[in-house]
Amino acid sequence: MIPELGHFSLILALILAFVQGVVPLIGASRNRLALMSVGRTAAQGQFLFIAFSFGCLTWSFINSDFTLQLAAGNSHSATPVIYKITGVWGNHEGSLLLWAMSLALWTVAVTVFSRNLPEIFMARVLGVLGLVSTGFLLFLLVTSNPFDRILPGAPEGRDLNPLLQDPGMIIHPPLLYMGYVGFSVAFAFAIAALLSGRMDAAWARWSRPWTTVAWVFLTAGIAIGSGWAYYELGWGGWWFWDPVENASFMPWLLGTALMHSLAVTEKRGAFRSWTVLLAIGAFSLSLMGTFLVRSGVLTSVHAFATDPARGLFVLALLVLVIGVSLTLFAWRAPTLAGGGSFGLVSREASLLGNNVLLSVACGSVLLGTLYPLFIDALNLGKISVGPPYFETVFVPLMTPVIVLMMIGPFVRWKGDDGNRILRKVGPGLIASVVLGIGAAFAIGHVTWRTALGLSLAAWVLIGSAQILWQRLADRQGAGSGSRLRGIPAAWWGMWFAHLGIGVFIIGVALVGSLNSQIQVKMLSGDTAQLAGYTFTFRGVSNAPGPNYAAARATIDVSRGGVTFATLTPEKRFYEAQGMPMTEASIDIGPLRDVYVNLGDQLEDGAWVVGLFYRPFISWIWFGCSLMALGGIFAASDRRYRRLAEREAPAGAARQAA
Amino acid sequence: MLMRRVALVAALLLPVAGQAGEAVPVSDDPVLEERVMRLSHDLRCLVCQNQSIAESNAPLAVDLRNQVREQFLAGKDEAAVVDYLVARYGDFVLYLPPFKGATLLLWLGPGLLLVAGAGWLGWRLRRRVREVPPPLSAEEHARAAALLDGSAKPSQESRS
């Protein structure tokens with residue numbers, strides 16, 4: 001009964017999505033207020049029905065209703081409740097439902113937080129979001145119904161993939177989807193602007209906080225996914241350039257470009273058509289990510305060809321979205337020209353330069369991700385494109401981005417004197433290169449890559465200090481305390497996010513240069529040495545879990561004779577899926593992680609133990625946190641709220657009218 | 001099934017005779033092992049879901065690592081080992097695709113994109129520098145004058 005209610009509720013949501021997608025747009029084109037205002041109600045109703053549907057599915061999972069095909073395939077009666085819940089989105093159908101729910105949530109957020117938008121603009125935004133939602137709900141109901149039954153029901157479920165039975169699964173997919181789907185708001189704002197021909201500073205100001213918040217979610221989602229892979233996959237890597245990772249990284253790259261482009265559109269009225277293109281691109285890439293991950297095309301082009309229904313549906317949706325938006329863009333772009341002129345040396349030029357580089361980087365990741373698929377589809381053989389390719393391509397493209405990123409804030413809008421900028425940043429740049437090369441020698445790992453990474457990191461840190469110093473010096477008057485307080489949140493957002501990139505690079509460069517690992521055979525009482533740490537094997541004990549059997553090793557870690565951590569890596573065996581898993585155990589520290597995993601037991605009774613030393617690896621995630629924090633600061637800037645307050649009476653008046 | 005597994009694990013936990021001491025590396029030759037693992041990170045485990053043979057413990061990955069080790073022991077250098085594996089398993093085994101006809105676009109693509117991007121950027125910037133802001137319409141003139149006077153309330157456009 002419950003699944004049927006969920007199914008029915010999803011159908012009602014589809015109807016409401018369609019209403020939300022069509023009626024307000026008609027209202028906007030005929031200037032009929034009554035039709036326009038339907039959008040809000042439909043959007044909120046749609047969210048309620050999708051949430052109810054999601055609740056029904058979750059209920060069936062929690063109660064192990066194995067007449068539900070999805071629960072039978074992805075849950076187990078002995079699984080802990082939290083992983084029964086995460087099992088809801090640990091599969092194709094459920095994760096699409098989560099996708100649709102995120103979209104509905106964003107839409108409701110727009111109706112709540114952007115009440116001050118002109119009615120006609122709001123109608124268009126909601127209309128576009130409604131159409132996107134219609135597409136996805138149709139996709140769900142037609143090709144991927146989560147509420148399919150099997151009768152008679154399965155006696156027991158096959159359980160969730162053990163890799164996914166992890167706290168990371170609780171938070172990573174929802175955050176990532178909120179990020180992915182969040183770009184649909186920026187997209188809807190862009191399409192609404194194209195429809196209305198209104199693409200001014202006000203429009204940019206409206207869409208900026210939405211874009212930034214989506215970017216924050218995406219940043220956090222990617223970072224958590226990377227951390228999860230680090231401790232779950234068991235050999236201490238943190239980024240694999242896997243197509244699934246790339247699918248989330250590409251929208252991040254374009255989204256980053258979009259945020260900066262929006263800033264220019266707001267402040268200077270320039271880059272308007274470029275901003276719109278980026279908004280369309282970021283959202284299209286989110287859709288494409290969904291296609292790549294969900295169609296099965298990644299596992300094999302041929303698997304896709306044998307069961308193409310799902311893949312073709314998303315592909316059609318993708319083509320439709322891109323096609324319609326680009327046609328609209330081509331039709332309207334001529335009206336977008338203009339904006340102020342700016343010189344070759346100007347804040348605008350530096351931002352545009354970085355935007356182009358970010359887009360090229362994104363295009364290259366796209367090329368590397370899709371290339372094997374095309375080659376395979378054209379029967380030209382099978383090739384793999386992996387980390388060595390992406391690193392070869394990505395590092396040279398991102399290096400100028402990092403350099404420009406710290407120069408940009410010194411450059412004035414409209415036009416500046418190249419010599420003045422050179423005098424300002426020259427010493428810092430030279431100092432960074434000297435520092436970077438010096439540091440590479442100091443740590444005894446002199447490769448061009450280490451030297452480059454450390455130089456860039458030094459440049460970001462020096463540049464950040466210099467920018468803050470200049471910002472304080474620029475403001476005359478009162479003490480430094482009040483000068484610090486006088487800096488707007490948006491500026492701090494920029495500062496922290498850029499600083500975060502520097503911290504991130506330190507982590508990447510140092511862990512790449514100084515990491516070490518060893519695999520040893522250990523019997524109880526044995527010790528092993530790695531990077532100055534002593535590991536003492538204290539034996540293995542039984543540690544059964546709710547739905548798995550496990551052997552747990554106890555390993556003391558000491559340095560200079562002092563034991564400071566006891567690590568307990570496990571080797572688990574998940575019954576339902578018949579799958580062995582290693583659970584690494586990590587002593588996390590600000591300057592290094594000590595990472596241990598447990599392998600097989602050998603015939604002589606010794607265990608294979610992997611010992612890993614990962615210096616500065618937590619700086620990678622610390623850097624990402626700073627970036628996300630910067631985004632939160634930027635989105636919370638007072639001027640967005642002030643705008644809302646000032647426009648509230650006007651909005652109320654409009655609604656009364 | 002569960003009971004059998006638990007029993008198995010318990011059996012494995014029986015105390016083992018042996019003298020506690022310095023643990024022995026799994027490999028007899030850690031330097032060689034380091035070389036094997038470094039190369040293994042760039043080789044694909046052909047039957048796994050996009051994992052390198054360094055990360056995977058699938059039987060094929062173990063076998064491939066052994067092959068790499070044997071080839072190194074036979075005195076071959078990295079390039080020769082890679083050639084040997086490509087001859088047996090095809091380009092699919094390489095995470096760094098070779099530069100050849102079918103991968104021409106893959107390797108040149110990013111460069112072409114960069115050239116196109118830089119070209120577009122240069123054209124845009126040149127155009128921007130020359131661009132003259134469009135003259136104000138009479139109405140805009142009036143509004144600007146009023147604003148300068150301080151007598152008019154700013155319209156929605158100008159204040160947002």
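Just so it is clear, the model here is predicted, and its values are computed rather than measured.

S.K.: How do you make sense of the overall build of chain B when you look at a structure like this?
M.R.: A tally of helices and strands in chain B yields 7 helices and 1 strand. Of the regular secondary structure in chain B, the N- to C-terminal order runs α-β-α-α-α-α-α-α. Expressed as a percentage of its 160 residues, the buried residues of chain B come to 20%. When contacts within chain B are restricted to residue pairs at least 6 apart in sequence, those whose partners lie at least 24 apart make up 36%.

S.K.: Just checking my understanding: could you explain the overall build of chain A for this structure?
M.R.: The helix and strand tally for chain A stands at 21 helices and 10 strands. Once the C-alpha set of chain A is aligned to its principal axes, its extents read approximately 85 × 75 × 55 Å. Within chain A, buried positions represent 53% of all 657 residues. Long-range pairs, those at least 24 residues apart, make up 74% of the contacts in chain A with a sequence separation of at least 6.

S.K.: Is there a simple way to think about the interface of chain B and chain A in this case?
M.R.: Interface extent is often summarised as the accessible area lost during association of the parts. The interface is formed by 47 residues belonging to chain B together with 61 residues belonging to chain A. Secondary structure elements with two or more residues in the side of chain B that touches chain A: α1 (2-12), β1 (24-25) and α5 (104-130) of chain B. Of all the elements, α5(B) adds the most residues to the side of chain B that touches chain A, at 11 residues. In terms of residue class, the side of chain B that touches chain A is made up of 29 nonpolar, 8 polar and 10 charged. Of the strand pairs in this sheet, strand β1 (residues 516-522) of chain A and β1(B) are connected by 2 bridges, and their pairing is antiparallel. From the neighbouring strand, A:V520 faces β1(B), where its bridge partner is B:P25.

S.K.: Can you walk me through the packing of helix α8 (residues 167-196) of chain A against helix α10 (residues 243-268) of chain A in this structure?
M.R.: In a pair of packed helices, the angle between the axes and the distance between the axes together describe the arrangement. All names here are of chain A. Between α8 and α10, the least distance of the axes is 11 Å, while the angle of their chain directions is 45 degrees. In terms of axis orientation, α8 runs oblique to α10. The chirality of how α8 crosses α10 is left-handed. Residues L176, Y180, F183 and A186 of α8 form the contact with α10, whose participating residues are S248, P251, G255 and L258.

S.K.: Looking at this model, I keep getting lost on the pairing of strand β9 (residues 592-601) of chain A. Mind explaining?
M.R.: Within a regular beta strand, the side chains point alternately toward one face of the sheet and then the other, so they alternate between its two faces. All names here are of chain A. Among the 10 residues in β9, 8 count as buried, and that is most of the element. With 4 bridges joining them, strand β8 (residues 585-588) and β9 adopt antiparallel strand pairing. Paired with S585 across the strands is V596, a residue of β9. Taken together, β8 and the strand that follows it, β9, pair antiparallel across an intervening segment of 3 residues. Sheet topology note: the β9/strand β10 (residues 607-615) ladder contains 8 bridges and is antiparallel. What sits directly across from Y595, in β10, is F612. Hairpin remark: β9 followed by β10, antiparallel, with 5 residues in the connecting loop; positive phi at G605, about 90 degrees.

S.K.: Can you help me understand the pairing of strand β6 (residues 570-574) of chain A in this one?
M.R.: Residues and elements named next belong to chain A. The buried fraction of β6 amounts to 4 of the 5 residues, a majority that puts the element mostly inside the structure. Bridge count for strand β4 (residues 548-559) against β6 is 5 bridges, and the pairing is antiparallel. Bridge assignment links A550 to a residue of β6, and that residue is R572. In this sheet, strand β7 (residues 579-583) lies alongside β6 in antiparallel orientation, the contact comprising 5 bridges. Counted as the bridge partner of Y574 is M579 from β7. Here β6 folds back onto β7, and the loop between the two strands holds 4 residues, one of which, G578, carries a positive phi near 60 degrees.

S.K.: Which parts of the structure should I look at to understand the sheet that holds β9(A)?
M.R.: For sheets, the rule is that strands pair by backbone hydrogen bonds, running either parallel or antiparallel. Across the sheet, 5 strands lie side by side as β8(A)-β9(A)-β10(A)-β1(A)-β1(B); this open sheet has antiparallel pairing. Either end of the sheet is taken by a strand with one partner, and the two such strands are β8 of chain A together with β1 of chain B.

S.K.: Looking at this structure, how should I read unusual backbone geometry?
M.R.: Across residues other than glycine, the phi torsion is negative in most instances, and most of the peptide bonds are trans. All names here are of chain A. The step from L151 to P152 runs through a cis peptide bond, and the omega angle for that step is -5 degrees. Here P152 is to be found in the loop between α7 (119-143) and α8. The residue N31 is not glycine, and still its phi comes out positive at about 60 degrees. Residue placement: N31 occurs in the loop between α1 (2-30) and α2 (33-36). You can call N31 exposed: it has 11 C-beta atoms within 10 Å. The phi dihedral of F616 is positive, around 60 degrees, even though this residue is not glycine. Take F616: it is sitting in the loop between β10 and α20 (618-635).

S.K.: What am I meant to see in the confidence of the model for chain A here?
M.R.: Where the model shows low pLDDT, its predicted coordinates should not be examined in detail. Within chain A, residue pLDDT values average 87, and 94% of them lie at 70 or more. Ignoring residues within four places in sequence, the model shows residues 648-657 of chain A, a span with pLDDT below 50, making 4 contacts including any to other chains.

S.K.: Would you mind showing me how to read the packing of helix α16 (residues 418-442) of chain A against helix α17 (residues 448-474) of chain A here?
M.R.: Residues and elements named next belong to chain A. At a minimum axis separation of 7 Å, α16 and α17 run at an interaxial angle of 140 degrees. Our classification of the angle between α16 and α17 gives oblique. Like other packed secondary-structure pairs, α16 and α17 cross with a definite hand, here right-handed. Each of G428, L429, A431, S432, V433, L435, G436, I437, A439 and A440 in α16 lies in contact with α17, whose residues at this interface are T450, A451, L454, S455, A458, W459, I462, G463 and Q466.

S.K.: Which parts of the structure should I look at to understand the nonpolar core?
M.R.: Looking at soluble globular proteins, one finds that nonpolar side chains tend to be buried together. Of all hydrophobic cores here, the largest spans 185 residues; its most connected members are A:A100, A:V125, A:A186, A:F189, A:A190 and A:A279. Counting residues per element, this core draws most heavily on α8(A), which supplies 18 residues. Not counting residues within four places of it along the chain, the set of residues in contact with A:A186 comprises A:S207, A:W210, A:T211, A:A214, A:L258, A:A279, A:A282 and A:F283. One finds A:Y548, A:A576, A:Y595 and B:A23 within the second-largest nonpolar core, a separate group that totals 32 residues.

S.K.: Quick question: what am I supposed to make of the environment of A:L278 here?
M.R.: Residues and elements named next belong to chain A. For L278, the position within the fold is in helix α11 (residues 272-294). Since 28 C-beta atoms lie within 10 Å of it, L278 is described here as buried. In the structure, L278 is positioned 322 residues away from D600 in sequence and 50 Å away in space, judged by C-alpha atoms. Residues contacting L278, with those up to four places away along its chain left out, are L254, A257, L258 and S261.

S.K.: Can you help me understand the environment of A:G507 in this one?
M.R.: Residue and element names in this part refer to chain A. On the secondary structure map, G507 appears in helix α19 (residues 489-514). On the neighbour-count criterion, G507 (24 C-beta atoms within 10 Å) is buried. In this structure the C-alpha to C-alpha distance between G507 and F622, which are 115 residues apart in sequence, comes to 8.8 Å. With sequence-adjacent residues up to four places away left out, G507 is seen in contact with F616, I617, W619, I620 and G623.

S.K.: What is the right way to read helix α15 (residues 387-407) of chain A from this model?
M.R.: Turn by turn, an α-helix covers 3.6 residues, leaving residues three or four places apart pointing in a common direction. Residue and element names in this part refer to chain A. Between its terminal C-alpha atoms α15 stretches 30 Å, which fits the 30 Å expected from 21 residues at 1.5 Å a residue. At F394, α15 shows its maximal bend, which comes to roughly 30 degrees, and the proline P396 appears one to four places after that position. Along α15, the residues classified as buried are Y389, F390, V393, L397, V401, I402, M405, M406 and I407.

Reading the values: rules and limits
Residues numbered from 1 in each chain as written. Chains lettered and ligands numbered in written order. Predicted model: local features only at pLDDT ≥ 70, side-chain atom pairs only at ≥ 80, totals over all residues. Helix = DSSP H or I, 4+ residues; strand = E, 2+ residues; numbered from the N terminus. Buried ≥ 20, exposed ≤ 12 C-beta atoms within 10 Å, placed from the backbone. Contact = placed C-beta atoms within 7 Å. Nonpolar A, V, L, I, M, F, W, Y, C, P; charged D, E, K, R; others polar. Pairing = 2+ DSSP bridges. Axes fitted to C-alpha atoms, helices over the stretch in contact; angles between N-to-C directions. Parallel < 35°, antiparallel > 145°, perpendicular 65-115°, else oblique. Left-handed = near helix turned anticlockwise from the far one by under 90°. pLDDT = per-residue confidence, 0-100. Core = buried A, V, L, I, M, F, W, Y, C linked by C-beta atoms within 7 Å. Expected span 1.5 Å × (residues − 1). Bend = angle between axes of the 7 residues up to and from the residue.

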